[in-house]
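# Residue-level structural notes
Residues per chain, in single letters:
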Amino acid sequence: MPRYWLMKSEPDDFSIDDLERVGVEPWTGVRNYQARNFMREAMRPGDGVLFYHSNTKVPGIAGVAEVVGEAYPDPTQFDPASKYHDPKSRPDAPRWWLVDVRFVRRLRGVIPLERIRAEAERLGEIELLRKGSRLSVAPVSAAQWKHLLSLEPEAR
DNA sequence: GCCAACGTTGGC
DNA sequence: GCCAACGTTGGC
């Protein structure tokens, strides 16, 4: 049974266009245990991903991607030159895990957070809209996935 | 750029 | 084990 997720990325850092260009990208840099657990324990190959642009002029859903393969240790945690380096993590007991994400499609624009918020009532409980939530990897129900992708994207 | 909300760290 | 201080996230 397919599962669905929403994954945030700052487009200045890595956008849906970047994902289209590279095809498959290791989702490095997640340093939150809850998000890590979703990737390590719950994600399965083929799971759907809503690619969300955060910390940008019009935050919102910019595209669709999918999970590739099983989770494995995030190599950047062991790289002293990386901004994601974690000196407390040991190679024999990696602290941070990731999955690879593959480009599926770009939306014609962005489904703005503002638009999503307007659907709050019909969407029901959703992590993205939970007050104060900053989770960069969060589950989405099948109904929410369908609902969100039925919304009209706006020019970005 | 501001700042509220949140997670993590470390002294005690 | 508490909790103040700190750093980060991310909307606005």
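Residues numbered from 1 in each chain as written. Chains lettered and ligands numbered in written order. Predicted model: local features only at pLDDT ≥ 70, side-chain atom pairs only at ≥ 80, totals over all residues. Heavy atoms only, no water.

### Here's the deal with the sheet that holds strand S1 (residues 4-9)
We apply this condition: By this definition, two strands are paired if DSSP reports at least two bridges between them. Working definition: helices are DSSP H or I runs of at least four residues, strands are E runs of at least two. Numbering for both runs from the N terminus. Helix axes use the C-alpha atoms of the stretch in contact, all axes being lines fitted to C-alpha atoms, and the angles between their N-to-C directions lie in the range 0 to 180 degrees. By definition in these notes, contact holds between two residues if any of their heavy atoms fall within 4.5 Å.
Across the sheet, six strands lie side by side as S2-S5-S4-S3-S1-S6; this open sheet has mixed pairing. Edge positions in the sheet fall to strand S2 (24-26) and strand S6 (137-140), since each has one partner strand and no second. Going from strand to strand, the sheet's axes swing by 35° on average, the running direction of each strand aside. Sheet topology places S1 next to strand S3 (residues 48-53); six bridges connect them, and they run parallel. Paired with Ser9 across the bridge in S3 is His53. Along the sheet face, helix H5 (residues 142-150) touches S1, S3, strand S4 (60-73), strand S5 (97-112) and S6 and points at about 50° away from the line of S3.

### Thoughts on the UniProt feature "domain: EVE" (unreviewed entry) in chain A
Note the threshold: UniProt positions are given in the numbering used here, feature names are shortened, and annotations may be inferred rather than shown by experiment.
Feature annotation in UniProt assigns "domain: EVE" (unreviewed entry) to the following positions: residues 3-150. Secondary structure within residues 3-150 divides into 24% helix and 33% strand; the distance between the first and last C-alpha atoms comes to 18 Å.

### Observations regarding the protein's contact with DNA strand C
Here is the rule: Being near a molecule or strand, for a residue, comes down to having at least one heavy atom within 4 Å of it. For the purposes of these results, a polar contact is taken to be a pair of N or O atoms within 3.5 Å, where, inside protein, one atom must be able to donate a hydrogen and its partner to accept one; residues adjacent in sequence count only when each atom of the pair is a side-chain atom. Charged means Asp, Glu, Lys or Arg here, nonpolar means Ala, Val, Leu, Ile, Met, Phe, Trp, Tyr, Cys or Pro, and polar covers whatever is left, Gly included.
By nearness alone, every residue bordering DNA strand C is listed as Lys8, Tyr52, Ser54, Asn55, Pro59, Leu113, Arg117 and Arg134. Each atom of DNA strand C within 4 Å of the protein belongs either to a base or to sugar and phosphate, the latter forming 71%. Take Lys8: an N or O atom from its side chain is 3.1 Å from a phosphate oxygen of DNA strand C. Note that a phosphate oxygen of DNA strand C is positioned 3.0 Å from one of the backbone N or O atoms of Asn55. Broken down by class, the residue content of the surface near DNA strand C amounts to three nonpolar, two polar and three charged.

### A short note on the pattern of salt bridges
Let me state the cut-off plainly: The salt bridge definition used is simple: a Lys or Arg side-chain nitrogen within 4 Å of an Asp or Glu carboxyl oxygen.
The full count for this structure, using the stated rule, is 13 salt bridges. For Glu41, the salt bridge is made with Arg40, and the minimal N-O distance between the two is 2.7 Å.

### Focus on the environment of Glu41
Filter applied, for reference: For every residue, the accessible area obtained with a 1.4 Å probe (protein chains only) is divided by the maximum for its type, and the residue is called buried under 20%, exposed over 50%, and partly exposed between those limits.
Tracing the backbone through its elements, the reader meets Glu41 in helix H2 (residues 33-42). Given a relative accessible area of 44%, Glu41 falls into the partly exposed group. Glu41 sits 56 residues away from Trp97 along the chain, and the two C-alpha atoms are 9.8 Å apart. Separated by 2.7 Å, the side chains of Glu41 and Arg40 make a polar contact.

### Concerning the protein's contact with DNA strand B
Around DNA strand B, the neighbouring residues are Tyr33, Lys88, Lys131, Gly132 and Arg134. When atoms of DNA strand B within 4 Å of the protein are sorted by moiety, sugar and phosphate together comprise 68%. The separation between a phosphate oxygen of DNA strand B and a polar side-chain atom of Lys88 is 3.5 Å. One of the side-chain N or O atoms of Arg134 is found 2.6 Å from a base oxygen in DNA strand B.

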